[in-house]
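Here is how the chains run, residue by residue.
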Amino acid sequence: MACKRGALIVLEGVDKAGKTTQCNKLVQALQQSGKPAEMIRFPDRTTTIGQLISAYLEKKRDLEDHTVHLLFSANRWELVPLMKKKLEQGTTLVVDRYAFSGVAFTSAKPGFDLDWCKSPDVGLPKPDLVMFLQLSPAEAARRGQFGEERYETSVFQKTVQQKFEHLMKDTSVNWQVIDAAKSVDDVHEDIKTRSLNAILAAQNLPLGELWK
Ligand code: Z5A
């Protein structure tokens with residue numbers, strides 16, 4: 001019998017919503033319950049493209065806005081063969097940010113059209129579940145100051161949140177909103193339950209193509 005495929009699970013959300021914390025906890029919990037799972041994060045700063053992006057985010061170099069958008073997308077595409085292989089082998093992938101961040105962040109810049117921003121990511125592996133970690137700016141501020149990287153200002157993050165809200169109206173994507181203001185453990189329980197359901201549902205379904 002062919003092996004059941006793993007699920008593609010994405011965590012999105014505003015700055016400091018707890019995406020990385022929750023991705024790590026979810027992968028650990030899945031592995032402990034005997035389900036193969038691995039974490040991926042975008043941008044993947046380890047590749048040649050990822051290093052360019054990292055230098056841009058750290059403000060060590062400037063890149064033209066369209067160019068950097070396409071680099072973020074290329075950084076996802078370069079991982080697609082590996083992602084597909086892992087999913088086919090039955091490994092669930094837990095992804096910290098994906099194409100939705102790509103679109104939300106670039107379209108928050110002046111002069112960018114949402115459809116143009118989506119186009120380079122059309123056809124990427126489609127997530128079986130996208131959880132949006134919802135956190136108010138006041139709660140986020142209680143978790144610490146913004147860092148030094150590009151985009152880490154409250155005005156820009158507010159526009160990004162609005163772009164995410166627009167993207168979440170798309171019913172072709174399985175969006176689920178998570179209350180990220182709860183304790184780390186409570187958020188984890190919520191995310192784990194939804195993820196287990198998604199893993200079960202994805203097992204016998206073909207992997208879809210995003211925005212196609
Ligand atoms: N970007 C883009 O422009 N285009 C793209 O295509 C992609 C990304 C993919 C990447 O940043 C930047 O690139 C990002 C978007 C842009 N720019 N911004 N802003 P990154 O991936 O290097 O870092 P990040 O994603 O911005 O991380 P983050 O948002 O700051 O954090 P987080 O992952 O959501 O949260 P965390 O690190 O798990 O937790 C933050 C703190 O809160 C930490 O001290 C935790 O201990 C604490 N925490 C977490 N959960 C809780 C709860 N429940 N209660 C209390 N405290 C908590």
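Cut-off values and rules
Residues numbered from 1 in each chain as written. Predicted model: local features only at pLDDT ≥ 70, side-chain atom pairs only at ≥ 80, totals over all residues. Heavy atoms only, no water. Near = heavy atom within 4 Å. Polar contact = N/O pair within 3.5 Å; in protein donor to acceptor, adjacent residues only side chain to side chain. Helix = DSSP H or I, 4+ residues; strand = E, 2+ residues; numbered from the N terminus. Nonpolar A, V, L, I, M, F, W, Y, C, P; charged D, E, K, R; others polar. Pairing = 2+ DSSP bridges. Axes fitted to C-alpha atoms, helices over the stretch in contact; angles between N-to-C directions. Contact = heavy atoms within 4.5 Å. Phe/Tyr/Trp six-rings, centres within 6.5 Å; stacked < 30°, edge-to-face > 60°. Buried < 20%, exposed > 50% of the residue type's maximum accessible area, 1.4 Å probe, protein only. UniProt positions renumbered as here; feature names shortened; annotations may be inferred. Parallel < 35°, antiparallel > 145°, perpendicular 65-115°, else oblique. Left-handed = near helix turned anticlockwise from the far one by under 90°. Salt bridge = Lys/Arg side-chain N within 4 Å of Asp/Glu carboxyl O. Core = buried A, V, L, I, M, F, W, Y, C linked by side-chain atoms within 4.5 Å.

Q: Looking at this model, I keep getting lost on the site of the ligand. Mind explaining?
A: Close to the ligand lie 27 residues, the nearest being K19, T20, T21, R45 and R97. Residue Q157 places a side-chain N or O atom 3.0 Å away from a nitrogen atom belonging to the ligand. When contributions to the shell around the ligand are tallied by element, the ones reaching two or more residues are α1 (19-32), α3 (65-77) and α5 (99-107). Of the residues that constitute the shell around the ligand, the class distribution is 10 nonpolar, 7 polar and 10 charged.

Q: Explain the sheet that holds strand β3 (residues 92-96) to me, please; I cannot follow it from the model alone.
A: Strand pairing within a sheet occurs via backbone hydrogen bonds; the two strands may be parallel or antiparallel. Taken together, the 5 strands give an open sheet; going across it, the order is β2-β3-β1-β4-β5, and neighbouring strands pair in parallel fashion. Strands at the two margins of the open sheet, each flanked by one partner only, are β2 (37-41) and β5 (175-179). Between one strand axis and the next, the sheet turns through 25 degrees on average, direction left out of account. Set on the sheet, α5 makes contact with β1 (8-13), β4 (129-134) and β5; between it and β1 the angle comes to about 25 degrees.

Q: What is the right way to read the packing of aromatic side chains from this model?
A: Pairs of aromatic rings are described using the distance from one ring centre to the other and the angle between the two planes. On inspection of all chains with the given rule, the structure shows 10 aromatic pairs. Aromatic side chains Y56 and Y151 sit 6.3 Å apart centroid to centroid with 65 degrees between the ring planes, which places their arrangement in the edge-to-face category. Here the residue Y56 occupies a position in helix α2 (residues 48-57), and Y151 occupies one in the loop between α7 (137-142) and α8 (154-167), the gap between them amounting to 95 residues. A single burial state applies to Y56 and to Y151, both of which are buried. Between F105 and Y151, the aromatic rings sit 5.3 Å apart at their centres with planes inclined by 50 degrees, giving tilted as the arrangement.

Q: Would you mind going over the UniProt feature "domain: Thymidylate kinase-like" (unreviewed entry) in the protein with me for this structure?
A: Here, the residues flagged by UniProt with the feature "domain: Thymidylate kinase-like" (unreviewed entry) are residues 11-191. In this annotation, residues 11-191 is assigned 49% helix and 13% strand; the end-to-end C-alpha distance for the span is 9 Å.

Q: Would you explain the pairing of β1 in this entry?
A: Looking along a regular strand, one sees the side chains alternate between the two faces of the sheet. For β1, a buried count of 6 out of 6 residues is recorded, marking the element as mostly surrounded by other parts of the structure. Neither face of β1 is left uncovered, since the one carrying L8, V10 and E12 and the one carrying I9, L11 and G13 both have all their residues buried. Strand direction decides the pairing type here: β1 and β3, joined by 4 bridges, are parallel. Bridge assignment links V10 to a residue of β3, and that residue is V95. Bridging between β1 and β4 involves 5 bridges; their strand directions are parallel. Each bridged residue has a counterpart across the sheet, and for V10 the counterpart in β4 is V130.

Q: What is the right way to read the packing of α2 against α3 from this model?
A: Angle between the axes and distance between the axes: these two values describe a pair of packed helices. Contact geometry for α2 and α3: axes closest at 9 Å, N-to-C directions at 135 degrees. Accordingly, the angle class assigned to the pair α2 and α3 is oblique. Crossing hand, α2 versus α3: left-handed. Between α2, through I49, G50, L52, I53, Y56 and L57, and α3, the contact on the second element is made entirely by D65, V68, L71, F72, A74 and N75.

Q: Would you take a moment to explain the pattern of salt bridges for this structure?
A: Summed over all chains, the structure comprises 16 salt bridges. Two residues, D15 and K16, come together in a salt bridge whose shortest N-O distance is 3.7 Å. A relative accessible area of 23% means that K16 is categorised as partly exposed.

Q: What exactly am I supposed to notice about the nonpolar core here?
A: Within soluble globular proteins, side chains that are nonpolar tend to cluster in buried spots. Core analysis: the largest hydrophobic core is formed by 63 residues, its most contacted members being Y98 and F100. Excluding residues within four positions of it along the chain, F100 makes contact with V10, E12, P127, V130, F164, L167, V173, W175, L210 and W211.

Q: Quick question: what am I supposed to make of the side chain of D15 here?
A: Within the secondary structure, D15 is located in the loop between β1 and α1. Look past the residues within four positions of D15 in its chain and what remains in contact with it is R97, A140, F146, E152 and Q157.

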